[in-house]
Each structure stands twice: as structure tokens, then as C-alpha cells.
Amino acid sequence: LRLISDFLAEQGFELMLTRSGAQALERARLAAPELVLLDLRMPDMDGFEVCRRLKADPATAALPVIFMTAVDDIAHKVEGFALGAVDYITKPIQREELLARIQHHLQLHRLQKELYSRTQDLALKNAELEAYAHTIAHSLKTPLAAAARFLEILQKFKNDNLSEEQRH
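All figures in this text were calculated on a predicted structure; none of them were measured in a lab. (Residues numbered from 1 in each chain as written. Predicted model: local features only at pLDDT ≥ 70, side-chain atom pairs only at ≥ 80, totals over all residues. Heavy atoms only, no water.)

## Let's talk about the nonpolar core
- Of all hydrophobic cores here, the largest spans 19 residues; its most connected members are L38, V50, L54 and F67.
- Only α2 (21-31), β1 (36-38), α3 (47-56) and β2 (65-69) provide two or more residues apiece to this core.
- In terms of residues, this core owes the most to one element, α3, which gives four residues.
- What F67 contacts, discounting residues up to four positions off in sequence, is L38, L40, G47, F48, C51, G80, A85, D87, Y88 and I89. (Core = buried A, V, L, I, M, F, W, Y, C linked by side-chain atoms within 4.5 Å. Buried < 20%, exposed > 50% of the residue type's maximum accessible area, 1.4 Å probe, protein only. Helix = DSSP H or I, 4+ residues; strand = E, 2+ residues; numbered from the N terminus. Contact = heavy atoms within 4.5 Å.)

Pasting the structure below:
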């Protein structure tokens, strides 16, 4: 933990270290980190349970979670991904690989947030346009109905026997 945290701090990352799953959950809710690195083996609660709870909480559900663990069997990897983890790195951790994966997932997370924000903006603009179109349609309905009725009256009383002044 110390080696990895020192390396990541040297790379310019702001870190928040915890020693237990319960503490990690509490800090994730309060501090809103951009990414969570989890070990499977932690005191009081394993990494799978922490991930499960992070993904169940709307405040932390979108956080990318990367498992870093010595457990290297396929069943654990599959379970980690099934719980919503974005990556699974086995020990011994190669620092350059860890850095590349973290940067990759941070970039993906930022792009997803930006896309979500733009989608929300578009939905708001669409709702505004629909309201405006409804207002315009309603505003045009009355004069168009009057004009249509007037044309019906003219058609009904159209007669070649009318004088020029009457036709006018």
C-alpha cells in the first residue's frame, strides 16, 4: 500500500487511503473520489462487499472501481467484473501498467460524465422546444380556425348573381 500510494502521489494524484471497507465506504460518500482502488482482502469487509455497496448507493454507483489483489483466479475476476468493477489488476503490481490503467479509466469516467451532462442539456433544450412549439400551435389555432370559418361562409354564399360591390 505504501509503495503504490507513494508512486501515485509522485504522479500527481490526490490520494485518500483507508484501512477498512467501512471506512472506504464512508469516505467515498463524503469525498466523492474519481476512482476507487480496492484490495479483495481487507479487515471487516472484503473488497467484493465494498464494491457491492458502492454500486448499490446512488451517490457512489458511477465510481469506477479497480481491484488490485494477489488473488489471480478467473472466478474472482469474473465476480469482480459482475459486481461492476472496471478493471482487475493482480499483484505483483507493475507501476507503469497501474498508471496506464488508472489514467485510462479516469479519462473514460470523465468522458461518461461529460456525455451524461450533454445528454441532460439536450433533454432540457428538447423540452423547451416542445413547450415553445405547443405555445405556437395553440396561438395559431384560433386565427386559423376563424379564417377557415370565414372561407366556409364565403363558399356557402358564393353566387354569380352578386354584384361587383357585393363580391368585393
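## Thoughts on the environment of A56
- Mapping A56 onto the fold places it in helix α3.
- Remark: the alpha-carbon pair of A56 and L83, spanning 27 residues in sequence, is separated by 9.8 Å.

## A closer look at unusual backbone geometry
- Residues K91 and P92 are joined by a peptide bond in cis, for which omega reads 5 degrees.
- By secondary structure assignment, the location of P92 is in the loop between β3 (87-90) and α5 (95-156).
- A positive phi is found at A32, a non-glycine position, where the angle reads about 50 degrees.
- If you trace the backbone, A32 turns up in the loop between α2 and β1.
- For D44, which is not glycine, the phi torsion reads 70 degrees and is therefore positive.
- Within the fold, D44 resides in the loop between β1 and α3.
- In this structure D44 comes out as exposed when scored by relative accessible area, which is 57%.

## Regarding the confidence of the model for the protein
- When pLDDT is averaged across the protein, the result is 89; 96% of the residues are at 70 or more.
- When pLDDT is averaged over each helix and strand of the protein, the minimum, 72, is found for helix α6 (residues 164-167) and the maximum, 96, for α3. (pLDDT = per-residue confidence, 0-100.)

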